[in-house]
Amino acid sequence: MQAALPAHAPAALAASVAAGVGAAVVLAQVQRWLNRRTGWLRHGLALCAGAAIGFYWAALLAQSALAPKLAKADEGRDVTLIGTIDNLPNRFDGGVRFNFAVEEVERRAMRVPALVALSWYAGYRGEAAPIGDVQPGERWRLTVRLQRPHGNANPYGFDYELWLLEQGVRATGYVRQDGRNQRLASFVVSFGNMVERCRAVLRDRILRALEGKEYAGVIVALVVGDQRGIPQSDWQVFNRTGISHLISISGLHITMIAGLFALAASALWRRSFFTHAQLPLLLPAQKVAALAGLTAALCYVLLAGFGVPAQRTLYMLAVVAVALWTDRLTGVTHVLCLAAGVVVLLDPWAVMWPGFWLSFGAVATILYATVGRAEVRHRSGELAALGAGAAIAGAAAVSAEGWPGVAKPAESEAAVAGPVAGATSPALRHPPRQPLTRHQRWMADLKTAARVQYAVTVGLVPLTMLLFAQVSIVSPLANAVAIPVVSLLVTPLALAGAVLPDFLALPLLQLAHAIIWLLAQALEWLSASRIAVWTAPTPPPWVFCWALFGTTWMLAPRGWPVRWLGLVTWAPLLAAVPSHPSAGAFRVVAFDVGQGMALLVETSGHRLLYDTGPAYSPESNGGNRVIAPYLKARGITALDAMVVSHADADHIGGALAVMDSVRTAWTLSSLPSTHPVVRASALHTPCAAGQHWTWDGVRFDVLHPAAGSYRNPVLKNNARSCVLRISAGGRAMLLAGDIEAAQETELLARAPGALASDVLLAPHHGSGTSSTQAFLAAVQPGYAVFQVGYRNRYHHPQKQVYQRYGGIGAVRLRTDESGALTLEFNGQLAVERYRESHPRYWRQP
């Protein structure tokens, strides 16, 4: 991914198109002159021209998306906006979040992007405040405070700034409670507003019918694609069992709905709606069926919020429908490639998300493992499909009835195209064999479904390890149960319950929820097993490519030599171990968790976590959003120790989430014995000055608090922060927690010679109550790390404190500017800034 965009993308795009056209003309002329085949040259030039055009097209879209931006000087200023609620609001315990389409900026010469993401909080610092009941399509006047897009930047972390760019959001902010906030219109008519209002109505209907139900959020996700109501604990179960792709409006569900509508339209049109109009003579039923299926798919995709898996299926159906209407039905691989091309043409950032690769990767795997391989099965003289391959792929062919439905891997691509084009399939020239019995058909279908499930499970192992650093062992079993239950029972019931009258909707929705509840119990039992998931570090490119080659070998057709040897290529993928420093050295990763602290300390054989970041919401915290994904991607499944410096929320917010995701052998903290983190610990020890231990040649010394401080009930949490000094090979780092000036003075009196360190984690994030001149003189840091949030409300680090560090010559490192920091202590000291080592054009400097 580019660190910067080309300077003149529009001109370069035009030049690339012109060069491609010119090359084609020249090549045609050369071919005439030489009078011989130049196909390889033509394809090579086409590939180069296509790559250049695609590159500059993506750059042009990126420049257009980045153009509307908020000026740096306008961040944090109050401004009154008039606009409409642009999406489905997300309500949470503390308020509501929504996108706001700006129509007018009142009484201020301030340039505001056309779309901003806003939060409206129900209170501030314990004081309750009313919030508006915002609905999609409403026009509001709101007084807001904005800032430019900014997110945490961590290795293996979610790229919030990229996500905002893809959504078209170029500023974020919150609604001011003391502003003139007022609803101006109950609904502003537009196509987008009508779609979002329909989604809101259906969501509210479902939530009312299932009020207080545990899995109401899952039903909402299946009907309108809104997954925000599903708690993290449920997602963990779905991910561990490998069925998370079903908890949304997936391609399988869209294909099913499109097929049902197409079948109904075909049947009615063939019968002229039970009249004497002879409608099939006016328009073939196949074309009516294709149009009906595509229309149903489009409506369902709009309900889904137009996600990548839904887009993929819609574009596939559209390609099939257009080909059928023009009598040019093409092969399934062409359909897949064209659908992928349309997706990246309209949304070039789609390739940055796992869903794109999993979606198209699954379909490609199924096609590779099934197309042209299955036996032809006759039934009353007609061909029937043997597999569910394109049910997942999204109707890549036309069934014998002529409506988009399940693809027919039993036939070659040419045979599929034959009947549509008026040709005769070779299979149809032979006399029909004896029809299979119902039991034989069921067994054949079951065998094919098992083959498809095997292909998907095996085929996606390398990609799943690359994207998630884990693969679900129980996924085949879980999917074998969940796919028919969710697709054939829960989804139809939920859709019917969402649109039917209340007296019918209530029992249908409750039945759908009851089935999901039973399924969830089975999934929880499966996920609880210690062998449910295989984890390993995220593989390097060569390991992934080698495993992908072996997987392709394993899924080759029968007769391919020693297919089982493909398993050998998985050894580097699955048996890798996490990297670690050499003996006598240590590494520290200071995470970008916003306004909070979290650092991972690694030696050659041990790992310690110092603080766990803040709590962002009841469901989200530094533990499950930043630390746990990093540990999983590195293949780290256990911590030898966790130090929780004190009980403030910005230090302890992710502790329970970390302990839930990885085994933690020992906890050291200043927390009271009744605290939930202490109760959840396998072994807990209060931190006290004088404690020390050595791991792999690295010494750890606890310098604060004094053991007697626990008997003083008036001390604040900050005053009892655990201060930890780590040293090896003549290098040291001091982790000072949130100590303030009084504790710094106490340290100077108790251990003045033990403070000197190369790197200092700035006490209390660089607040005005810490980092006294005497303390800095004793530590003498060459580097100072400030773990602070972007434009945090405490204004950390304080200007005078920040200048104080500069005055002693310390290199100042801020996580809000540099992202996560990696410090290597190996005789020498090396520092890596994540935003600098992984530059992206959408990240502000």
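This write-up is about the structure you can find in this document. What you see is a predicted model, and the numbers here were worked out from it, not measured in a lab. (Residues numbered from 1 in each chain as written. Predicted model: local features only at pLDDT ≥ 70, side-chain atom pairs only at ≥ 80, totals over all residues. Heavy atoms only, no water.)

What makes a disulfide is a covalent bond joining the sulfur atoms belonging to two cysteines. Per the stated rule, a full pass over the model turns up one disulfide. Here C687 is linked by a disulfide to C722, with a sulfur-sulfur distance of 1.9 Å. Judged by the sign of its S-S torsion, about -70°, the cystine formed by C687 and C722 is left-handed. You can see C687 sitting in the loop between β21 (684-686) and β22 (692-695) and its partner C722 sitting in the loop between β23 (698-704) and β24 (723-728), a full 35 residues away along the chain. Side by side, C687 and C722 carry an identical accessibility label, which is buried. In this model C299 remains outside any disulfide bridge; the closest cysteine sulfur is found in C198, 9.7 Å from its own. (Disulfide = S-S within 2.5 Å. Helix = DSSP H or I, 4+ residues; strand = E, 2+ residues; numbered from the N terminus. Buried < 20%, exposed > 50% of the residue type's maximum accessible area, 1.4 Å probe, protein only.)

The next point concerns the packing of aromatic side chains. How two aromatic rings sit relative to each other is given by the distance of their centres and the angle of their planes. In total, this model carries 23 aromatic pairs according to the counting rule given. Between F55 and Y56, the ring centres sit 5.0 Å apart and the planes meet at 85°, which makes this aromatic pair edge-to-face. For F55, a relative accessible area of 36% translates into the label partly exposed. With relative accessibility at 25%, the residue Y56 sits in the partly exposed group. Among the aromatic residues, ring-to-ring pairing joins W546, F549, W553 and W560 into one connected group. Over the ring of Y802 we find R812, and its NZ or CZ is 4.3 Å from the ring centre. Taking the ring centre of Y802 as reference, the NZ or CZ of R814 above it sits at 5.5 Å. (Phe/Tyr/Trp six-rings, centres within 6.5 Å; stacked < 30°, edge-to-face > 60°. Lys NZ or Arg CZ within 6 Å of the ring centre and 35° of its normal.)

For helix α3 (residues 160-167), the complete set of buried residues consists of E161, L162, L164, L165 and E166. The positive-phi residue at the C-terminal boundary of α3 is G168, with phi of around 85°.

Here we come to the pattern of salt bridges. What the rule picks out here adds up to 26 salt bridges. Note that R91 and D133 form a salt bridge whose closest N and O atoms lie 3.1 Å from each other. Residue R91 is located in strand β2 (residues 90-92), and its partner D133 is located in the loop between β6 (127-128) and β7 (139-147); the two are separated by 42 residues in the primary sequence. A residue is classified by how much of its surface remains accessible, and R91, at 38% relative accessible area, is partly exposed. Since its relative accessible area comes to 46%, D133 is described here as partly exposed. Several salt bridges share partner residues, and in doing so they unite R587, E602, R607, R634 and E824 into one network. (Salt bridge = Lys/Arg side-chain N within 4 Å of Asp/Glu carboxyl O.)

Along β23, six of the seven residues are buried, which leaves the element largely enclosed by surrounding structure. Bridge analysis of β22 against β23 gives four bridges, and the strand direction is antiparallel. Its bridge partner lying in β23, T694 is registered against R699. Here β23 runs beside β24; their pairing, made up of five bridges, is antiparallel. Within the sheet, the bridge partner assigned to H704 lies in β24 and is V723. (Pairing = 2+ DSSP bridges.)

Another aspect to go through is the sheet that holds strand β16 (residues 607-610). With mixed pairing, the eight strands of this open sheet are ordered in space as β21-β20-β18-β16-β15-β14-β29-β30. Either end of the sheet is taken by a strand with one partner, and the two such strands are β21 and β30 (828-833). In this sheet, adjacent strand axes meet at a mean angle of 15° when their direction is disregarded. Alignment of strand β29 (residues 821-826) against β30, held across six bridges, turns out to be antiparallel. Across the sheet, the residue bridging to L823 is V831, located in β30. Relative to strand β15 (residues 599-602), helix α21 (residues 622-634) is tilted by about 30°, and along the sheet it contacts β14 (586-590), β15 and β16. (Axes fitted to C-alpha atoms, helices over the stretch in contact; angles between N-to-C directions. Contact = heavy atoms within 4.5 Å.)

Honestly, it's all geometry; don't read function into it.
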